[in-house]
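Here is what each chain is made of, one letter per residue.
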Amino acid sequence: MVRYLALFAVILTLIPLPATAHGPSRQKVIETIEINAPVEKVWMVVSNYKDMTWHPDIAKSEAMDGYEPEKTKRKLTFKTGGVITDKISAYTPDNKYLSFMTEEVDLKTMPVSGYSSYFTLTDAGGKTKVEWKGAFYRGYVNNDPPPELSDAAAIKAVTAYQKKGLEALKAKIEAAP
Amino acid sequence: MFGASNGVPGASAENPGTGDMREAFVTSQLADTLTIIDLTTMKSAAEIKISGRPAGIAVAPGGKHAFVTSPESKELTIIDATARTVVKRLQVGRGPLGIAFNPTDNRVWIADWYDHKLLVRDGGTGDALGEVTVGKSPSGVAVTPDGRFVLSADRDSDAVSIVDTATLKVTATVAVGGHPFGISIDSTGTRAYTANVTSNDVSIIDIPAKKLIGTVKVGARPYGVALAQGRAFVTNQAAGTVTVFDLASLNIIATIPAGSYPEGIAASLDQRYVYIACWDDNTLVRLDANTLAVTAKTTTAEGPRAFGQFLR
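Residues numbered from 1 in each chain as written. Chains lettered and ligands numbered in written order. Predicted model: local features only at pLDDT ≥ 70, side-chain atom pairs only at ≥ 80, totals over all residues.

### Quick notes on the overall build of chain B
Note the following rule: Where helices and strands are cited, they refer to DSSP runs of H or I of at least four residues and of E of at least two residues respectively, numbered from the N terminus. For this measure, only C-alpha atoms enter the radius of gyration; the expected value for a globule follows 2.2 Å times N^0.38, where N is the number of residues. Whether a residue is buried, exposed or partly exposed is read from the other C-beta atoms within 10 Å of its own C-beta, which are placed from the backbone; 20 or more gives buried, 12 or fewer gives exposed, and intermediate counts give partly exposed.
Of regular secondary structure, chain B possesses 0 helices and 28 strands. At 18 Å, chain B has a C-alpha radius of gyration in line with the 20 Å of a compact globule built from 312 residues. Across its three principal directions, the C-alpha atoms of chain B cover 50 × 45 × 35 Å. Buried positions account for 55% of the 312 residues belonging to chain B.

What follows is the structure in structure tokens.
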């Protein structure tokens, strides 16, 4: 009996979750970084929805053309092999603002569901302050989650992912001529 | 003493009035806190620690008690609204979220998200009075003013269950838009409005006829609906706006920027004001329901949702 339950739990973790399935408690993680480059230069990289390979965890980034909220979709293949798909929620280039939300999430890649990312860029005296705000739910949609799919696990994974991403973004942009 | 600027007793140009409400009881989910905001000053008057990720709230105008659900710890917390203290905490179901209270019979209705039921509790003692199985993942709950019917927005069924409160039987299931979340009933008890998260629209139900009678397209990922001055006010989480539409014609009147992740929304008793909790900004915003201007804003504890009727 225990073996079947364990097997079921494993199967559950491998099934990609649709974005519409999530629990009642949303979490929030905000990471910021200052990049020594003007806003336009940073925006050019961040707003390029098609190519998110500036994030070191991502091996392949494939997206539709355009920036239509609720319509433009992307598939991110991670270096570990897992896949996350997402969709643009909002895009206002005048405000240097882009947001997108996950649709299908491989829980082994990130134990989350309904993960929205919001990028806001602001000028800081010629440099750029980049804020990456994440709003998400844990990967386990029922109550009493196992530890690896708990709120804490989701927060830890998103924090690491956003921190790592911003550090790589900074290094890439500052190294460029 | 009695200001002249807009006819509201006690109002003046400096203090536009509160819409006859004294306080807003705002559940701050990320902070495990209930923030009680004094609406005359638009300042936090008290913060009560409530563990378990509090989200749902029900308090009647001038009500003695306020009721809060904590879906993670599976608890109902009963609060003495005047003393601002916790009276009781009870284990309720497996995922209590949406909650409604009708002072005519002192019954509290709690939607259990994981057990797919409405649980009934006594508002004074918290004693269990019954339960009724509804659709999948019931979210918002609302009771008609006469207390005869309770409606649940069954999110994963894309439907609303209409329950006879005397018999605790589902008398009708009405198909609505994608993932109905918040639900509000008008003061006549004949119309219900659901905010449908995945279809970005509001469904309108004729309660006596038990049918869907209209659909209005709103903004991205709507959360809740408030009704005031012949208008519906709908919070659009992902758009950061409130859509206002006319209840008679269903025409859109305006789309107003409200803040980041506007969620819980409720109208004052006299319908002068609509209050909105913005989850990401950590604010409570006051909107004039007539002019559609934001007249005040204040800070709440982290992650305010105010899911339910939160004005006292």
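There is more to say after this.
### Some points on the sheet that holds strand β19 (residues 211-217) of chain B
Pairing between the strands of a sheet is mediated by backbone hydrogen bonds and can be parallel or antiparallel. All names here are of chain B. What counts here: Two strands pair if DSSP finds at least two bridges between them. Here an angle of 0 to 180 degrees is reported between the N-to-C directions of two axes, which are lines fitted to C-alpha atoms, with helices fitted over the stretch in contact.
Here we have 4 strands laid out as an open sheet, ordered β16-β17-β18-β19, and antiparallel in their pairing. Each edge of the open sheet carries a strand with a single partner, namely β16 (180-185) and β19. Ignoring strand direction, the axes of neighbouring strands in this sheet form an average angle of 25°. By the bridge criterion, 6 bridges tie strand β17 (residues 191-196) to strand β18 (residues 201-206) in an arrangement that is antiparallel. Paired with Tyr193 across the strands is Ile204, a residue of β18.

### Comments concerning the interface of chain A and chain B
Put simply, the test is: Placing C-beta atoms from the backbone, we regard two residues as in contact once those atoms come within 7 Å. Throughout, the ten residues Ala, Val, Leu, Ile, Met, Phe, Trp, Tyr, Cys and Pro are labelled nonpolar, Asp, Glu, Lys and Arg are labelled charged, and all others, Gly among them, are labelled polar.
At the interface, 11 residues of chain A touch 17 residues of chain B. Residues belonging to the side of chain A that touches chain B are distributed by class as follows: 4 nonpolar, 5 polar and 2 charged.

### So, unusual backbone geometry
Residues and elements named next belong to chain B. Backbone geometry at Arg53 places phi at a positive 65°, although glycine is not the residue there. Take Arg53: it is sitting in the loop between β3 (43-49) and β4 (56-59). Classification of Arg53 as buried rests on a count of 26 C-beta atoms within 10 Å. For Lys210, which is not a glycine, the phi torsion comes out positive at approximately 60°. Mapped onto the elements of the fold, Lys210 is located in the loop between β18 and β19.

### Thoughts on the confidence of the model for chain B
Residues and elements named next belong to chain B. To keep it simple, the criterion reads: Confidence scores here are pLDDT values: one per residue, from the predictor, ranging 0 to 100.
Confidence along chain B averages 93 in pLDDT terms, with 94% of residues attaining 70 or more. Below pLDDT 50 for its whole length, residues 1-16 participates in 18 contacts with residues either more than four positions away or in separate chains. Our summary of model confidence lists the complex with pTM equal to 0.91 and ipTM equal to 0.88.

### What to know about the environment of Val108 of chain B
Residues and elements named next belong to chain B. With respect to the secondary-structure elements, Val108 resides in strand β9 (residues 107-112). On a C-alpha basis, the gap between Val108 and Arg22 in space is 22 Å, while along the polypeptide they are 86 residues apart. When residues no more than four places from it in sequence are discounted, the contact partners of Val108 are Ala58, Phe67, Ile99, Phe101, Arg121 and Gly123.

### Structural notes on the pairing of strand β27 (residues 294-299) of chain B
Residues and elements named next belong to chain B. Relative to β27, strand β26 (residues 283-288) runs antiparallel, the two being bridged by 5 bridges. From the neighbouring strand, Thr283 faces β27, where its bridge partner is Thr299. Counting the residues between successive antiparallel strands, the hairpin from β26 to β27 contains 5 residues, one of them, Leu292, with a positive phi of roughly 65°.

### So, the sheet that holds β9 of chain B
Residues and elements named next belong to chain B. If you trace the 4 strands from one edge of the open sheet to the other, you get β8-β9-β10-β11, paired in antiparallel fashion. The sheet is open, and its two edges are formed by β8 (96-102) and β11 (128-133), each paired on a single side. For this sheet, the mean inter-axis angle between neighbouring strands, taken without regard to orientation, is 20°.

### Concerning the environment of Gly125 of chain A
All names here are of chain A. Of note, Gly125 is situated in the loop between β6 (112-124) and β7 (127-138). Looking at Gly125, the number of C-beta atoms within 10 Å reads 7, which means it is exposed. Each C-alpha atom of the pair Gly125 and Ile155 lies 32 Å from the other, and the pair is 30 residues apart in sequence.

### Observations regarding the environment of Thr77 of chain B
All names here are of chain B. Positionally, Thr77 belongs in strand β6 (residues 75-80). In the structure, Thr77 is positioned 39 residues away from His116 in sequence and 20 Å away in space, judged by C-alpha atoms. Dropping the residues within four chain positions of it, Thr77 is found in contact with Ile50, Val68, Ser70, Val86 and Arg89.

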